[in-house]
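# Observations on the three-dimensional arrangement
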Amino acid sequence: MLNLERLRTLDALARHGSVSGAAEGLHITTSAVSQQMAKLEREVGQRLLAKHGRGVRLTDAGRLLAEHAARILSQVELAQADLEAQRGQVAGELRVSAFPTAARGLFPAALADLRERHPALRVRSREMEPENGIRGVVRGDLDLAVVLDWYNKPMPLPDGLVKALLLDDPADVALPAAHPLAGREEVDLAELAEDEWITWGEGEFCHEWLMFTLRSKGVEPIVAHRAAESHTQLNLVAAGLGVCIAPVLGRDPLPGGVVTVPLRQRVRRHVFVVWRADADRRPSIRAAVRALRAAGERFGVTEDGAPVRTAAPAS
């Protein structure tokens, strides 16, 4: 009889591509991964791993069994979701992530609400950039991830994921208080062509969006500083070192010396939550989506400026 936990270890090895990656994804030690794989090899009577440089690779038998393991674990996930749905209880463990401003803006209220309403549910949260959050859900390391895309640049989603809109998050431009445009009612991006920009890290989705958007307006951006955290960006603006995009979600309180001005382009990012389709019926998933939506109501707006209202997830 194949052991489910050992199949889970093999699946993690296949998805992460390394012992250390599998250990991190499973929250166990690398020696525990090696021990589980050694036991699995004895169970099946075949080598599943072979040395490859300083690491390991799956043998043909290992890849074959890993394919079966992925299907078996998916069926187990479905069975657990169906049992949880049939029982109707919001209980167990829920692993969630959010990009930093969503973690700051949504998680305190949403997770406190879940704890009060569903004391049998244990939530584990972490900050994670959108792309990493999506990968974590696909790999099974996370149950839910709060992610984003922009009004003019969608975030591609892999097959097998379900998403629900939480809010549309308007974004302004943050300027030093002494900036010549700081007193304006709105600003066009083209008017910032000579300004230095404070942006996200090279290759990050939000940085690539900003470069794409500015260039589409005929502006070749001058990137002076990079910072992953929005409040670091805003403090650099306060010091007079440049300008940055400042979404509403999670930006308060603004540091002194910073003025936010709406953009004529009506820039918005779409904030949504994703989870695996095979977990769709879990009451804990539905409860978390409801709590996140409730937490987001004070931030979100629709295209006409009215507060966003989104339907509850299906029962």
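Residues numbered from 1 in each chain as written. Predicted model: local features only at pLDDT ≥ 70, side-chain atom pairs only at ≥ 80, totals over all residues. Heavy atoms only, no water.

## Digging into helix α6 (residues 107-117)
What counts here: Here the term buried applies to any residue with accessible area under 20% of the maximum for its type, exposed to any over 50%, and partly exposed to those in between, with areas from a 1.4 Å probe on protein chains only. Numbered from the N terminus, helices here are DSSP runs of H or I no shorter than four residues, and strands are runs of E no shorter than two. As used here, the arc is the angular range of directions from the helix axis to the C-beta atoms. Only heavy atoms enter the contact rule, under which two residues are in contact if any of them lie within 4.5 Å.
Three or more residues of α6 are buried, namely Phe-107, Ala-110 and Leu-114. For α6, the angular spread of buried residues about the axis comes to 80 degrees, placing them on one side. Opposite the buried face of α6, by more than 90 degrees, sit the exposed residues Pro-108, Arg-115 and Glu-116. The elements touched by buried residues of α6 are β3 (92-98), α5 (100-105), β4 (121-127), β5 (144-150) and α10 (283-296).

## A few points about the environment of Arg-63
Looking at the secondary structure, you find Arg-63 in helix α4 (residues 60-87). Residues Arg-63 and Leu-10, spaced 53 residues apart in sequence, show a C-alpha to C-alpha distance of 9.1 Å.

## Thoughts on the packing of α6 against α10
Applied cut-off: Interaxial angles span 0 to 180 degrees and are taken between N-to-C directions of axes, which are lines fitted to C-alpha atoms, for helices over the stretch in contact. Our angle categories are set so that under 35 degrees counts as roughly parallel, over 145 as roughly antiparallel, 65 to 115 as roughly perpendicular, and the remainder as oblique. Each helix crossing is assigned a hand: it is left-handed if the near helix lies turned anticlockwise from the far helix by less than a right angle, otherwise right-handed if that turn is clockwise. Residue classes follow a fixed rule: Ala, Val, Leu, Ile, Met, Phe, Trp, Tyr, Cys and Pro count as nonpolar, while Asp, Glu, Lys and Arg count as charged, and any other residue, Gly among them, counts as polar.
At a minimum axis distance of 8 Å, the contact between α6 and α10 shows a crossing angle of 135 degrees. In this view, α6 runs oblique relative to α10, as classed from their interaxial angle. With respect to the hand of their crossing, α6 and α10 are arranged in right-handed fashion. Across the interface between the two elements, Phe-107, Ala-109, Ala-110, Asp-113 and Leu-114 from α6 touch Ala-287, Ala-288, Ala-291, Leu-292 and Ala-295 from α10. Here the contact of α6 with α10 is built from residues that sort into 9 nonpolar, no polar and 1 charged.

## Remarks on the packing of aromatic side chains
Under the convention used in this document: Ring pairs shown here join Phe, Tyr and Trp side chains whose ring centres sit within 6.5 Å, with only the six-membered ring taken for Trp; geometry is labelled stacked below 30 degrees between planes, edge-to-face above 60, and tilted in between. Criterion for a charge above a ring: Arg CZ or Lys NZ at most 6 Å from the ring centre, at most 35 degrees from the ring normal.
Considering all chains together, one arrives at 2 aromatic pairs under this definition. Pairing Trp-150 with Trp-200 gives two aromatic rings, centres 6.5 Å apart and planes at 65 degrees, and the pair type is edge-to-face. Of this pair, Trp-150 sits in strand β5 while Trp-200 sits in the loop between β7 (196-199) and α8 (205-216), and the two are 50 residues apart along the sequence. Look at Trp-200 and you get buried, because its relative accessible area is 8%. Taken together, a centroid distance of 3.6 Å and an interplanar angle of 5 degrees make the contact between Trp-150 and Trp-209 stacked. Residue Trp-150 is found in strand β5, and its partner Trp-209 is found in helix α8; the two are separated by 59 residues along the sequence. What makes Trp-209 buried here is its relative accessible area of 1%. Taken together, the aromatic side chains of Trp-150, Trp-200 and Trp-209 make up a single cluster linked through ring pairs. The ring of Phe-212 has Lys-153 lying over it, and the distance from NZ or CZ to the ring centre is 5.2 Å.

## Some details on the pattern of salt bridges
Rule in force here: Whenever a carboxyl oxygen of Asp or Glu lies within 4 Å of a side-chain nitrogen of Lys or Arg, that contact is scored as a salt bridge.
Enumeration over the complete set of coordinates arrives at 18 salt bridges. Of the charged contacts, one joins Asp-11 and Arg-15 as a salt bridge, the two residues approaching to 2.7 Å between their closest N and O atoms. Placement of the pair is Asp-11 and Arg-15 together in helix α1 (residues 4-16), with a separation of 4 residues, close to one helical turn. Judged by relative accessible area, Asp-11 falls into the buried class, the value being 10%. A residue is classified by how much of its surface remains accessible, and Arg-15, at 29% relative accessible area, is partly exposed. Bridged by salt links that share partners, the residues Glu-186, Asp-188, Arg-264 and Arg-266 form one connected network.

## Let's talk about the side chain of Asp-149
Under the convention used in this document: Here the positive residues are Lys and Arg and the negative ones are Asp and Glu; neither His nor the chain ends is included. Two N or O atoms form a polar contact when they lie within 3.5 Å of each other; inside protein one atom must be a possible hydrogen donor and the other a possible acceptor, and for residues adjacent in sequence the pair counts only when both atoms belong to side chains.
Secondary-structure assignment places Asp-149 in strand β5. Here Asp-149 sits buried without a salt bridge, and the closest side chain of opposite charge, Lys-163, lies 4.8 Å off (N-O distance). At 3.2 Å, the side chain of Asp-149 forms a polar contact with the backbone nitrogen of Met-155. Ignoring sequence-local partners within four residues, the contact set of Asp-149 consists of Pro-154, Met-155, Phe-205, Arg-269, His-270 and Phe-272.

## So, the environment of His-68
Mapped onto the elements of the fold, His-68 is located in helix α4. Expressed as a C-alpha distance, the spacing of His-68 and Leu-7, which sit 61 residues apart in the sequence, is 8.9 Å. Here Arg-71 takes part through its side chain, which lies 3.0 Å from a polar atom of the side chain of His-68.

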